[in-house]
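Topology and contacts: notes
These are the residues of each chain, in order.
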Amino acid sequence: EDQVTQSPEALRLQEGESSSLNCSYTVSGLRGLFWYRQDPGKGPEFLFTLYSAGEEKEKERLKATLTKKESFLHITAPKPEDSATYLCAVQPPRGANNLFFGTGTRLTVIP
Amino acid sequence: SQTIHQWPATLVQPVGSPLSLECTVEGTSNPNLYWYRQAAGRGLQLLFYSVGIGQISSEVPQNLSASRPQDRQFILSSKKLLLSDSGFYLCAWLSWGEGETQYFGPGTRLLVL
């Protein structure tokens, strides 16, 4: 069965303290891996899509990377406004563009 | 630009009552549309998706149903709510722009008492 596991479940960082979030997956024939940011009580906001191992994408303080088994979301010098839950989702090679989501990493950046 | 709306934002309903949640999309035609549920401590669970008017696919057998009466309208319904139907319901549409990306609406918080 396809699985997506995110770690850690929660992460507290001091402002400026860089770190990485992990998303490991067991989907065969991955079509795409997606990162979303979700603020409390709101819908997920799209961040990145990665399609092949070795691919990297950046946006402000965030950089996403992909290997054959996992993806990392690197956060460089985070600010309090980066506090949110970060969701990872994978798109298997079947279905009408269905996505399988992890349970997310809740990031708190302390000023 | 495309915009997705969900209504209502919050809903408190008694067990056994009916449910109707609405999702509408603006700025695109014939989008793929999705209903997800997000329960506390769990990942988003796909409930239904639709590739066109009147076309509904169910992913999980449950107390809910979906309909797509118009091109850009997607409705989630129930005849009798259960306590376990409580959660955060999210509608999404698929963009075929740079790859296949789902964009989410603001969500509806449902509490069944």
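Okay, so let's go over this structure. (Residues numbered from 1 in each chain as written. Chains lettered and ligands numbered in written order. Predicted model: local features only at pLDDT ≥ 70, side-chain atom pairs only at ≥ 80, totals over all residues. Heavy atoms only, no water.)

**Some thoughts on the sheet that holds strand β1 (residues 4–7) of chain A**
All names here are of chain A. As summarised here, the arrangement of the 5 strands in space is β1-β3-β8-β7-β6, forming an open sheet in which the pairing is antiparallel. Unpaired on one side and paired on the other, β1 and β6 (56–59) mark the two borders of the sheet. Ignoring which end each strand starts from, the neighbouring axes of this sheet average 15° apart. Examined bridge by bridge, β6 and strand β7 (residues 62–66) share 4 bridges and lie antiparallel to one another. Each residue of the ladder has a partner; that of E56, found in β7, is T65. (Pairing = 2+ DSSP bridges. Helix = DSSP H or I, 4+ residues; strand = E, 2+ residues; numbered from the N terminus. Axes fitted to C-alpha atoms, helices over the stretch in contact; angles between N-to-C directions.)

**Structural notes on the layout of surface pockets**
What the largest pocket holds in volume is close to 610 Å³. Around the largest pocket sit 21 residues that line it, and F100(A), F101(A), R42(B), L44(B) and Q45(B) are the ones nearest its centre. Sorting the residues of the lining of the largest pocket by element identifies β1 and β10 (100–101) of chain A together with β5 (45–52) of chain B as the ones contributing at least two each. Tallied by class, residues from the lining of the largest pocket come to 8 nonpolar, 7 polar and 6 charged. In this structure, the second largest pocket encloses a volume near 490 Å³. Secondary structure elements with two or more residues in the lining of the second largest pocket: β9 (84–91) and β11 (105–110) of chain A. The dominant element in the lining of the second largest pocket, judged by the number of residues it contributes, is β9(A), at 3 residues. Of the residues in the lining of the second largest pocket, the class split is 8 nonpolar, 8 polar and 6 charged. (1 Å grid on protein atoms, 1.4 Å probe; cavity = no way out; pocket = protein on both sides within 12 Å on 5 of 7 lines; lining within 4 Å. Points joined across faces, edges and corners; volume = space filled by probe spheres on them. Nonpolar A, V, L, I, M, F, W, Y, C, P; charged D, E, K, R; others polar.)

**A closer look at the packing of aromatic side chains**
Summed over all chains, the structure comprises 11 aromatic pairs over all chains. Taken together, Y36(A), F46(A), F101(A), Y34(B), Y36(B), Y49(B), W93(B), Y103(B) and F104(B) form an aromatic cluster joined through their ring pairs. (Phe/Tyr/Trp six-rings, centres within 6.5 Å; stacked < 30°, edge-to-face > 60°.)

**Things to note about the state of the cysteines**
Think of a disulfide as a covalent bridge from one cysteine sulfur atom to another cysteine sulfur atom. Under the counting rule described, the total for this entry stands at 2 disulfides over all chains. C23(A) shares a disulfide with C88(A); S-S distance 1.9 Å. Torsion about the S-S bond of the C23(A) and C88(A) cystine: about -60°, corresponding to left-handed handedness. Separated by 65 residues along the polypeptide, C23(A) in strand β3 (residues 19–25) and C88(A) in strand β9 bring together distant segments of the chain. The pair C23(A) / C88(A) is uniform in exposure class, with both members buried. Each disulfide pairs two cysteine sulfurs, and for C23(B) the partner residue is C91(B), the sulfurs being separated by 2.0 Å. Residues C23(B) and C91(B) are joined through a disulfide that is left-handed, its torsion about the S-S bond being -70°. Within this pair, whereas C23(B) is found in strand β3 (residues 19–26), its partner C91(B) is found in strand β9 (residues 87–95), the two being separated by 68 residues in sequence. Given the relative accessible area of 0%, C23(B) is considered buried. (Disulfide = S-S within 2.5 Å. Buried < 20%, exposed > 50% of the residue type's maximum accessible area, 1.4 Å probe, protein only.)

**Digging into unusual backbone geometry**
With an omega dihedral of -10°, the bond running from S7(A) to P8(A) counts as a cis peptide bond. One can find P8(A) in the loop between β1 and β2 (10–14). Following W7(B), the chain continues to P8(B) via a peptide bond in cis, the omega torsion being -5°. With respect to the element layout, P8(B) can be found in the loop between β1 (3–7) and β2 (10–13). Non-glycine residue E60(A) carries a positive phi angle of around 55°. Among the structural elements, E60(A) can be located in the loop between β6 and β7. When its relative accessible area of 72% is taken as the criterion, E60(A) is described as exposed. Non-glycine residue A77(A) carries a positive phi angle of around 45°. Here A77(A) is to be found in the loop between β8 (70–75) and β9. By relative accessible area, which is 36% here, A77(A) ends up partly exposed.

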